[in-house]
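Structural overview
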Amino acid sequence: MAQPESLAELLNGRRAAVDASLPPIGFVAGYLIGGPALGEHGAIWAGTGAAILFAVALSAWRLRRGDKPRAVVIGLLGVCVAALIALYTGRAEDFFLIQLFSNAASALAWVVSIVIRWPLLGLVVGGVLKQRTRWRRDPALVRAYSRGSWVWVCQYLIRVAVFLPLYQSGRAAELGIARVALSWPLVAACLAVSWWVIQRSLPPGHPGLRHPRDGELLRNEKQGVS
């Protein structure tokens, strides 16, 4: 089987990031359009309604394309929960509270995975390639995935660094713009850079991600030769 050209092709990350940008676009549009006529509370209703409408339409489109129903439902529920939080608190910026917490938690989880030598990038790619944990028997792949995972940590930290000041200032519209700006462009950059890091980290002659090498067997072969 041929080696994938990139992580973007393997993980389909750009399309998922673009899809995730649509409900925030709907929220900001509804919030800004409804603000002058409906007031703050009405604008939040308009924004959350538009976000849910976008999410429902996107979910229907995903299901027609054959996406897994569970993944579609989880995405829709995330938008609905964000909408309920904003409606409950009466603060438009709280629509983005889940995103703020999820990025902070993701950064921590990826760091922990690197420290314990179970890098999440390896788990994700290994799962897509149906390797289970065979890649962990290859020290070169573990090292490459660990280095590539640091790029993903930086991605989440960048979002937190941008989202947090905007959230604390109550700038909902700017949060929506930042949410979109730091979705597919940042994901695309992260995929490209982490792929480059992985490729640079693998030793010459390594067969690639699809073909993990058993480190114990390699050591035994070298000892047998010597």
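It should be noted that the structure appears before, not after, this text.
Note that this is a predicted model, so its numbers are computed, not measured. (Residues numbered from 1 in each chain as written. Predicted model: local features only at pLDDT ≥ 70, side-chain atom pairs only at ≥ 80, totals over all residues. Heavy atoms only, no water.)

Before going further, it helps to examine the nonpolar core. A general trend in soluble globular proteins is that nonpolar side chains are found buried together. With 26 residues, the main nonpolar core has Leu7, Leu121, Val125, Tyr145, Trp152, Ile198 and Leu209 as its most contacted residues. Of all elements in the fold, only helix 1 (7-11), helix 4 (97-115), helix 5 (120-128), helix 6 (139-168) and helix 8 (184-201) reach the threshold of two or more residues within this core. For this core, the element with the most residues is helix 6, which contributes nine residues. With 25 residues, the next largest nonpolar core counts Tyr31, Ala51, Ala172 and Leu175 among its residues. (Core = buried A, V, L, I, M, F, W, Y, C linked by side-chain atoms within 4.5 Å. Buried < 20%, exposed > 50% of the residue type's maximum accessible area, 1.4 Å probe, protein only. Helix = DSSP H or I, 4+ residues; strand = E, 2+ residues; numbered from the N terminus.)

Once that is clear, we can look at the pattern of salt bridges. The tally for this structure, following the rule as stated, stands at three salt bridges. Across the salt bridge formed by Glu93 and Arg91, the nearest N and O atoms sit 3.1 Å from each other. Here the residues in one salt-bridge network are Arg91, Glu93 and Asp94, joined through shared partners. (Salt bridge = Lys/Arg side-chain N within 4 Å of Asp/Glu carboxyl O.)

Moving on: the environment of Ser106. For Ser106, the location among the structural elements is in helix 4. You can call Ser106 partly exposed: its relative accessible area is 22%. Sequence separation between Ser106 and Gln155 is 49 residues; the distance between their C-alpha atoms is 9.8 Å.

Attention now moves to unusual backbone geometry. Positioned with a positive phi, Arg117 is a non-glycine residue whose angle comes to about 65°. Position of Arg117 relative to the elements: it lies in the loop between helix 4 and helix 5. We classify Arg117 as partly exposed; its relative accessible area is 44%. If you check the backbone angles, Arg132 has positive phi at about 55° while not being a glycine. Tracing the backbone shows Arg132 in the loop between helix 5 and helix 6.

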